[in-house]
Amino acid sequence: MAAKIISGKEISQEIREELKKEVKELKEKHGVTPGLVTILVGENPASVSYVTAKQRTAHDLGFHSVQENLPEDVSEDELLKMIEKYNNDPAIHGILVQLPLPKHISEQKVLYAIDPRKDVDGFHPVNVGKMVIGEPCFIPCTPAGILEMLARTDVEVTGAEVVVVGRSNIVGKPVAILLMQKRKPVGNATVTVCHTATKDMVFHTKRADILIVAAGRPKVITGDMVKEGVVVIDVGVNRIGTTPEGKAILCGDVDFDSVKEKAAAITPVPGGVGPMTITMLMKNTVEAAKMWAGLPSSVG
């Protein structure tokens with residue numbers, strides 16, 4: 001079986017074109033420019049890369065985008081004051097603090113300090129609570145991207161056996177909750193969550209019609225662990241070496257080569273879920289701008 005490749009790169013570009021038109025309309029018809037601030041503490045290379053990509057995308061879409069760079073030794077109070085400043089800034093609709101933070105700063109305290117109405121990452125407990133009970137809210141960006149990928153590739157989710165490998169607050173838990181809810185077009189699934197204490201992982205993964213893997217370990221799912229015709233969403237990005245030119249060699253949490261022989265559809269790494277995460281951050285920011293302007297919005 002030749003698996004269909006679910007290209008997050010292509011789907012995210014499709015969504016970004018839609019967002020460009022929406023931003024243009026917001027500006028011309030309502031005088032609203034979506035505003036996003038990204039706050040980076042320190043110079044972690046991966047974090048710098050992520051923030052640069054987010055800012056570049058925001059600029060390309062026509063946002064009002066602000067980048068704040070703070071030193072590694074910035075105090076927690078200074079960071080909280082900066083968040084409060086942007087909580088009260090009417091030109092900013094979305095606030096993103098890039099994680100991880102230095103050890104002397106409480107990530108929980110920082111995330112909780114963001115106004116839930118500007119929490120475009122979807123990590124504030126107010127948004128998490130609303131998500132759980134099915135109210136309009138900001139959905140965490142990676143799970144939101146997964147739902148878009150399933151919807152835009154016409155994967156039948158209603159009644160499907162979905163197995164999620166991983167139970168993080170960022171991916172595993174929210175995607176499981178969202179897929180079991182009565183939501184269209186992607187929902188009404190029967191969901192099983194596997195984790196490090198699961199006794200017989202293969203028993204569950206072999207039952208999956210849709211397998212979502214966010215385990216954080218390279219190639220943990222192999223071809224003998226899945227059934228014919230499964231749809232596989234690989235969330236993992238693992239650096240497993242470098243090329244002679246010094247470029248990182250990446251792989252997912254799924255052994256792509258063996259699993260693609262049995263799958264009906266599969267996401268690649270890179271080029272799968274990764275591009276969707278930034279795109280859904282932009283979508284959340286546009287929805288936030290509409291909400292703050294009193295226009296119909298999916299987030300409330």
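Here, every reference points to the structure presented above.
This write-up is about the structure you can find in this document. Source: prediction; values computed, not measured.

1. Looking at the layout of surface pockets
And step 1. The volume enclosed by the second largest pocket comes to roughly 410 Å³.
And step 2. Lining the second largest pocket are 19 residues, with Ile139, Ala144, Leu147, Glu148 and Arg183 sitting closest to its centre.
And step 3. Contributing elements (two or more residues each) for the lining of the second largest pocket: helix 6 (141-152) and helix 10 (273-292).
And step 4. Grouping the amino acids of the lining of the second largest pocket by side-chain chemistry returns ten nonpolar, three polar and six charged.

2. Topic: the sheet that holds strand 4 (residues 94-97)
And step 1. Taking strand neighbours across the sheet as the criterion, the three strands line up as 3-2-4 in an open arrangement whose pairing is parallel. A strand with exactly one partner marks an edge of an open sheet, and here the two such strands are strand 3 (64-70) and strand 4. For this sheet, the mean inter-axis angle between neighbouring strands, taken without regard to orientation, is 15°.
And step 2. Note: strand 2 (residues 35-41) against strand 3, seven bridges, orientation parallel. Bridging from a neighbouring strand, glycine 35 pairs with histidine 64 of strand 3.
And step 3. Against the sheet, helix 2 (residues 45-61) touches strand 2, strand 3 and strand 4, its axis set at about 165° to strand 2.

Calculation notes
- Residues numbered from 1 in each chain as written.
- Predicted model: local features only at pLDDT ≥ 70, side-chain atom pairs only at ≥ 80, totals over all residues.
- Heavy atoms only, no water.
- 1 Å grid on protein atoms, 1.4 Å probe; cavity = no way out; pocket = protein on both sides within 12 Å on 5 of 7 lines; lining within 4 Å.
- Points joined across faces, edges and corners; volume = space filled by probe spheres on them.
- Helix = DSSP H or I, 4+ residues; strand = E, 2+ residues; numbered from the N terminus.
- Nonpolar A, V, L, I, M, F, W, Y, C, P; charged D, E, K, R; others polar.
- Pairing = 2+ DSSP bridges.
- Axes fitted to C-alpha atoms, helices over the stretch in contact; angles between N-to-C directions.
- Contact = heavy atoms within 4.5 Å.

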